[in-house]
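The primary structure of each chain is shown beneath.
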Amino acid sequence: MIATILPSSTTFHAVDYNERKVSEGVAELLEMKNFDFIGQLQSYTPDQLKQFLTDYSQRNAYIKSPQFHLAISCRGDEYTHEQLLDIAHQYLKEMGYGEDGQPVLIYAHHDTDNNHLHIVTSRVAPNGHKINDHHERVRSQEVISRIMGESQKQRAFDSIKKALEYHFSTVKQFQTVLESMGYQCYERDNQLCIKRDGCVIERLNLSDISSKCQNATIDEKRQRQLRAILLKYRDMSADKEELKATMKQKFGIDLIFHGSKDKPYGYTIIDHQNKTVLKGGEVLKLKELLQFHSKEERLHRMDEFIDAMMDDNPDLTTRELNRMLRRQFGTHISKGRIAYNDDFIDLQDYQTETLRTNDRKAWLKAHPLEAANQQQQATKESNAIHIQKPSITKEGSRDQNREWEVGHKSNYDEVDDERQLKR
């Protein structure tokens, strides 16, 4: 576990960095605390967040660079983002950033192989005092080491308890569940040794685990559902590693391949939603699972993917669709085209129009005051009557005046009888 304190800033530029990652679909805001009304809005802007942090930090004008930006990272996915969030709370409290009223933003990032969080807050405490930064980096490492040491034993106990709640038919399947949680397991002297970070944390008797084994019966409806999901996202993935990441992220399903990296001989499905461990071949044969499409085939499947996403969410915006495209294909929409490396696909006209309409609706919803002003202005323009009297020249004044008056409900007889018309 690593806690890295990143550079300070006068402008809270870390907000821009993290929100850009969110817009790209590789990060999400896990927690926003003590941001007053902004935290109640369904839609907010990075500028609003930065301005709030800037105004809050004015409680102590002597601090010129009030931004505190921290990254907490683990190895691979040995800790979930929810577990990292608990660690972040403990860390902030011990470092002095956990007082009531302290504004905090916590983002989960998915753009590397290692699960990690980014935390943005102010170096100013709610009472206006500067939060202690003496030997900050040394204290930071001491704090994170202490937190991890205290939590390691308890975490192993909780993980074992959770793993025993799963339906598994062999000791190996139970072992696979623990390995999906980030542990290493091996058998020795009729015991299952459970290891993390190079240290054996716990030992379980194999006989105790065997007594928990049961013949798992596959629910046919769930089996068909898993098969459909695997086939759908296989066709959106370049290889098995990308498929594994997608299944874990979107559905909480672990795919554990057995054998060498390039030539697995089988795989196991851990269905965390139903707490069931299944032989992968009973759901979808390994050979069929590994039939991934080429880049050209995937490129032409994106159009179908966009239609499917629009069917699922008729109000889908370009920003939301780009998040999905980046996760699934590593691409995005720009100027009505899908960019994929050096290739491009033009969107269908109805797709472009639907996204444009949804983007407009989303903007109006996020900016109610501007929307009301625009509606009011449009109403005024539609109701306004623009009447322009023709210009009058000396030579044609009589004819033009007669045309003007005739065109504005004057009586023809009155106009034609010049003796009755007084100018």
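Below: a short report on this structure. (Residues numbered from 1 in each chain as written. Predicted model: local features only at pLDDT ≥ 70, side-chain atom pairs only at ≥ 80, totals over all residues. Heavy atoms only, no water.)

Let us now look at the pairing of strand S11 (residues 276-279). As defined by bridge partners, strand S10 (residues 264-271) adjoins S11 across four bridges and the pair is classed as antiparallel. Residue pairing for S11: Asp271 is matched across the bridge by Thr276. What sits between S10 and S11 in their antiparallel hairpin is a turn of four residues, with Lys275 showing a positive phi close to 50°. (Pairing = 2+ DSSP bridges. Helix = DSSP H or I, 4+ residues; strand = E, 2+ residues; numbered from the N terminus.)

Take the packing of aromatic side chains next. Summed over all chains, the structure comprises five aromatic pairs. Above the plane of the ring of Phe257 lies Lys240, whose end atom (NZ or CZ) is 5.1 Å from the centre. (Phe/Tyr/Trp six-rings, centres within 6.5 Å; stacked < 30°, edge-to-face > 60°. Lys NZ or Arg CZ within 6 Å of the ring centre and 35° of its normal.)

Following the sequence through the fold, Asn18 ends up in helix H1 (residues 13-23). A distance of 2.7 Å separates polar atoms of two side chains, one belonging to Asn18 and the other to His109. Discounting chain neighbours no more than four positions away, the residues touching Asn18 are Ala27, His69, Tyr107, His109, His118 and Val120. (Polar contact = N/O pair within 3.5 Å; in protein donor to acceptor, adjacent residues only side chain to side chain. Contact = heavy atoms within 4.5 Å.)

Core analysis: the largest hydrophobic core is formed by 31 residues, its most contacted members being Leu230, Leu255 and Tyr267. Of all the secondary structure elements, the ones that give two or more residues to this core are helix H7 (220-234), helix H8 (240-251), strand S9 (253-259), S10, helix H9 (286-289), helix H10 (295-312) and helix H11 (318-329). With five residues, H10 is the largest single contributor of residues to this core. When residues no more than four places from it in sequence are discounted, the contact partners of Leu255 are Leu230, Leu243, Lys244, Met247, Tyr267, Thr268 and Ile269. The next biggest cluster of nonpolar side chains, apart from the first, holds 26 residues, and it includes Leu85, Tyr91, Ile106 and Ala125. (Core = buried A, V, L, I, M, F, W, Y, C linked by side-chain atoms within 4.5 Å. Buried < 20%, exposed > 50% of the residue type's maximum accessible area, 1.4 Å probe, protein only.)

Turning next to unusual backbone geometry. At Phe12, a position not held by glycine, the phi torsion is positive, near 55°. Under the relative-accessibility criterion, Phe12 is labelled buried at 0%. The backbone phi angle of Asp36 is positive, close to 50°, even though this residue is not glycine. Mapped onto the elements, Asp36 comes out in the loop between strand S2 (27-33) and helix H2 (46-57).

Before going further, it helps to spend a moment on the pattern of salt bridges. Inspection of the entire model under this criterion finds 12 salt bridges. Here Glu136 and Arg123 are joined by a salt bridge, their closest N and O atoms 2.7 Å apart. Of this pair, Glu136 sits in helix H4 (residues 136-163) while Arg123 sits in the loop between strand S5 (116-122) and H4, placing them 13 residues apart in sequence. As far as burial versus exposure is concerned, Glu136 and Arg123 are alike and both buried. Between Glu353 and Arg356 there is a salt bridge whose closest N-O contact spans 2.8 Å. Of this pair, Glu353 and Arg356 both sit in helix H12 (residues 349-366), three residues apart, which is roughly one turn of the helix. Residue Glu353 is classed as partly exposed on the basis of its relative accessible area of 41%. Given the relative accessible area of 49%, Arg356 is considered partly exposed. Each of the salt bridges in this network shares a partner with another, and the network as a whole consists of Asp16, Asp47 and Lys50. (Salt bridge = Lys/Arg side-chain N within 4 Å of Asp/Glu carboxyl O.)

Let us now look at the sheet that holds strand S4 (residues 104-109). If you walk across this open sheet you meet the five strands as S1-S3-S5-S4-S2, and the pairing is antiparallel. Each end of this open sheet is capped by a strand with a single partner; those strands are strand S1 (2-6) and S2. Across the sheet, the mean angle separating the axes of adjacent strands is 20° when strand polarity is ignored. Looking at chain direction, S1 and strand S3 (residues 67-73) are connected through five bridges and run antiparallel. Looking at S3, one finds that Thr4 is bridged to Ala71. Lying over the sheet, H2 contacts S2, S4 and S5, oriented at roughly 45° with respect to S5. (Axes fitted to C-alpha atoms, helices over the stretch in contact; angles between N-to-C directions.)

What follows covers the sheet that holds S9. Sheets are built from strands that pair by backbone hydrogen bonding, the pairs being arranged parallel or antiparallel. With antiparallel pairing, three strands are arranged side by side in an open sheet as S9-S10-S11. Edge strands, defined here as strands with exactly one partner in the open sheet, are S9 and S11. The sheet shows a mean angle of 25° between the axes of neighbouring strands, taken without regard to direction. Where S9 and S10 come together, seven bridges link them in antiparallel fashion. Counted as the bridge partner of Leu255 is Ile269 from S10.

The next subject is the side chain of Gln351. Inspection of the secondary structure assignment puts Gln351 in helix H12. The exposure class of Gln351 is buried, given its relative accessible area of 0%.

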